[in-house]
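Architecture and fold: a report
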Amino acid sequence: MTATQSSPLTLISKSASTKTQAVPPLVEQLKGGLDAPICLTWELTYACNLACVHCLSSSGRRDPKELTTAEALAVVDELADLQVFYVNLGGGEPMLRKDFLDIVDHAVSRNVGVKFSTNGYYIDKAAAERFAATDLLDIQISLDGFDAETNDAVRGKGSWEAARRAMDNLADANFGEFKISIVATRHNVDQLDDYKKMADEYGAQLRVTRLRPSGRGVDSYQDLRLTHPQQQQIFRWIMDHPDVLTGDSFFHLNALGKDTGETLPGLSMCGAGRIVCLIDPIGDVYACPFVIHDEFMAGNVRDTGGFASVWRESDLFQELREPGAAGACASCNAYEACGGGCMAAKFFTGIPLDGPDPDCALGHADEAVAAASAAGVVPQPSQDHSRRPVTLGAKPS
Amino acid sequence: MPSGSADAATQKRPQADHPLAFDSSAKWERSAKIGLRPEPFGALAYHFDTRRLVFLKSAVLVQLVDGLVDHDSADAAIEAIVEPTDDRSRQAHVKALASLAEAGVIEPVTTAISSVG
Ligand code: SF4
Ligand code: SF4
């Protein structure tokens, strides 16, 4: 310890902002990468019973190359050996895998906590009771509108009812504190107070995350993204509700606090390939769940050396851990607060990776986004398992 | 599922049900509910019950957390493990341990008083 006033410890849950000190601030160290990811998402299948318009993995059909049960259990063992504390399981709809419970049970038995993300269709009473009896398990149910009309326009008819039924079943089974997860769109951002009340009534925890133009979201992003006044609105709302989880996904909005010195709780950096990564259903390892594109694919868990060597040695991840240049954001006085935003959001809107976030709260990307979309130069995801073209349902007025 | 579950993993969980006042003259130990993973900057601790992630930002702090159990008090552990032990660094480590106690990373050792004669 160097002789400084600051404590040698940071509780990430409070805020990662470190005082000036002789050792590099924690955020700088995290940018250099960790021995194993903190936030690992593992999508178990591309199969899904729904077809949400903003699905980040363009899910629908199962891929014949998906990991077998034996391969999946071996991945769990590897994660346990790396001391990955917990995984975020998703899909597709992860409960569609016949060996879903085997994978969960194996992870838990190896002390790898599980949070899984589901649309709730398959959480009947029996499943809810089974989950309630499982340790180290956290469930996150997606609901993208407080009412059926708003939700079903994005997630499909009947999906609101299914999600609410799943929540009822979990509550009846005394599961405890599950999570209700919302992707903030211009149609549901006014409903956040209602959502909060609902979560409180269930004894659940609310999680609000940012919409990104990934997967099928490439096509629906322009219709669903927050307007500039709504960005102000959600910034304030999150500041006022520190107990709501955000996955630190709104750090690009910290630009709005540059004059008052306000910053949203959590890390203000892109963690792709540094502390975050994705294992997709066929074992491909991407820098982040929101960049399913060849350019961000680092390797496969089936390669020699497995996941660990992809994480530690792949050229792509090494590169992502290098300090980045500020590019077009260099002249912006909010750069320190916002860090230039989300790599995935830039990539899929055709903005250079050192350019401003397409949702730059100061509006510095508005022209570039419009130009790229008019010229039709936005990249498409390299995996598409949609069953059929998916379009936005009747939009709530 | 399209629910965005990437991002950095900062959980804002409510704190342990019974936050304990930190008494540095008492004996402490690392909680059994903690996973500790060595990292270049020190270690990453994860509390399996509260699901909180905590950064231990120096190798010495990691040694201290692991070494607590070998000493009769947190003060004694600091004296033995932290160098140099000037007032400032002692205070910084007491403060760090207090935060770790609050986060449930370390727990007081309760010596069971048995009546074995
Ligand atoms: S121009 Fe760049 S740094 Fe400035 S607010 Fe926009 S995204 Fe952030
Ligand atoms: S690319 Fe975007 S979503 Fe992925 S880690 Fe970076 S900021 Fe987060």
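Residues numbered from 1 in each chain as written. Chains lettered and ligands numbered in written order. Predicted model: local features only at pLDDT ≥ 70, side-chain atom pairs only at ≥ 80, totals over all residues. Heavy atoms only, no water.

Surveying the vicinity of ligand 2 reveals the residues Arg212, Phe251, Cys270, Gly271, Ala272, Cys288, Phe290, Cys342, Met343 and Ala344 of chain A. Split by residue class, the shell around ligand 2 holds 8 nonpolar, 1 polar and 1 charged. (Near = heavy atom within 4 Å. Nonpolar A, V, L, I, M, F, W, Y, C, P; charged D, E, K, R; others polar.)

Time to look at the pairing of strand β4 (residues 53–56) of chain B. Residue and element names in this part refer to chain B. Judged by which residues are buried, β4 turns out to be covered on both faces: Leu53 and Phe55 on one side and Val54 and Leu56 on the other are all buried. The pairing of strand β3 (residues 42–47) with β4 spans 4 bridges and is classified as antiparallel. In the sheet register, leucine 44 faces β4, and the bridge partner there is phenylalanine 55. Count of turn residues in the β3/β4 antiparallel hairpin: 5 residues, of which arginine 51 carries a positive phi of about 60°. (Buried < 20%, exposed > 50% of the residue type's maximum accessible area, 1.4 Å probe, protein only. Helix = DSSP H or I, 4+ residues; strand = E, 2+ residues; numbered from the N terminus. Pairing = 2+ DSSP bridges.)

Residues and elements named next belong to chain A. This model, assessed by the stated rule, comprises 23 salt bridges over all chains. One salt bridge in this structure joins aspartate 81 and arginine 110, with 3.3 Å as the shortest N-O distance. Of the two residues, aspartate 81 is situated in helix α2 (residues 69–81) and arginine 110 in the loop between α3 (100–109) and β4 (113–118); the sequence distance between them amounts to 29 residues. Its relative accessible area of 59% is what places aspartate 81 among the exposed residues. (Salt bridge = Lys/Arg side-chain N within 4 Å of Asp/Glu carboxyl O.)

This part covers the pairing of strand β8 (residues 276–279) of chain A. Residue and element names in this part refer to chain A. Burial along β8 is two-sided: the residues Val276 and Leu278 and Cys277 and Ile279 are all buried. Looking at chain direction, strand β2 (residues 39–43) and β8 are connected through 4 bridges and run parallel. Bridging across to β8, leucine 40 finds its partner in cysteine 277. By the bridge criterion, 2 bridges tie β8 to strand β9 (residues 284–286) in an arrangement that is antiparallel. In the sheet register, leucine 278 faces β9, and the bridge partner there is tyrosine 286. The turn linking β8 back onto β9 is made up of 4 residues, and glycine 283 within it adopts a positive phi angle of 95°.

Take the packing of aromatic side chains next. Residues and elements named next belong to chain A. Following the criterion strictly, the structure yields 15 aromatic pairs over all chains and no others. Across the ring face of phenylalanine 290, the terminal group of arginine 212 is positioned such that the distance to the ring centre comes to 4.0 Å. We note arginine 321 situated over the ring of tryptophan 311; from NZ or CZ to the ring centre the distance is 4.6 Å. (Phe/Tyr/Trp six-rings, centres within 6.5 Å; stacked < 30°, edge-to-face > 60°. Lys NZ or Arg CZ within 6 Å of the ring centre and 35° of its normal.)

Before going further, it helps to examine the side chain of histidine 54 of chain A. Residue and element names in this part refer to chain A. Summarising the element assignment, histidine 54 is placed in the loop between β2 and α2. Histidine 54 gets classed as buried once you look at its relative accessible area, which sits at 3%. Polar side-chain contacts of histidine 54 include one of 2.8 Å to the side chain of aspartate 144. (Polar contact = N/O pair within 3.5 Å; in protein donor to acceptor, adjacent residues only side chain to side chain.)

What follows covers the sheet that holds β2 of chain A. Residue and element names in this part refer to chain A. Spatially, the 9 strands line up as an open sheet ordered β7-β6-β5-β4-β3-β2-β8-β9-β10, and their pairing is mixed. Sheet topology places β7 (205–210) and β10 (297–300) at the edges, where each strand pairs with a single neighbour. Each strand axis lies, on average, 25° off the axis of its neighbour in the sheet, ignoring direction. As defined by bridge partners, β4 adjoins strand β5 (residues 137–142) across 5 bridges and the pair is classed as parallel. Note that in β5 the partner of threonine 118 across the bridge is isoleucine 141. (Axes fitted to C-alpha atoms, helices over the stretch in contact; angles between N-to-C directions.)

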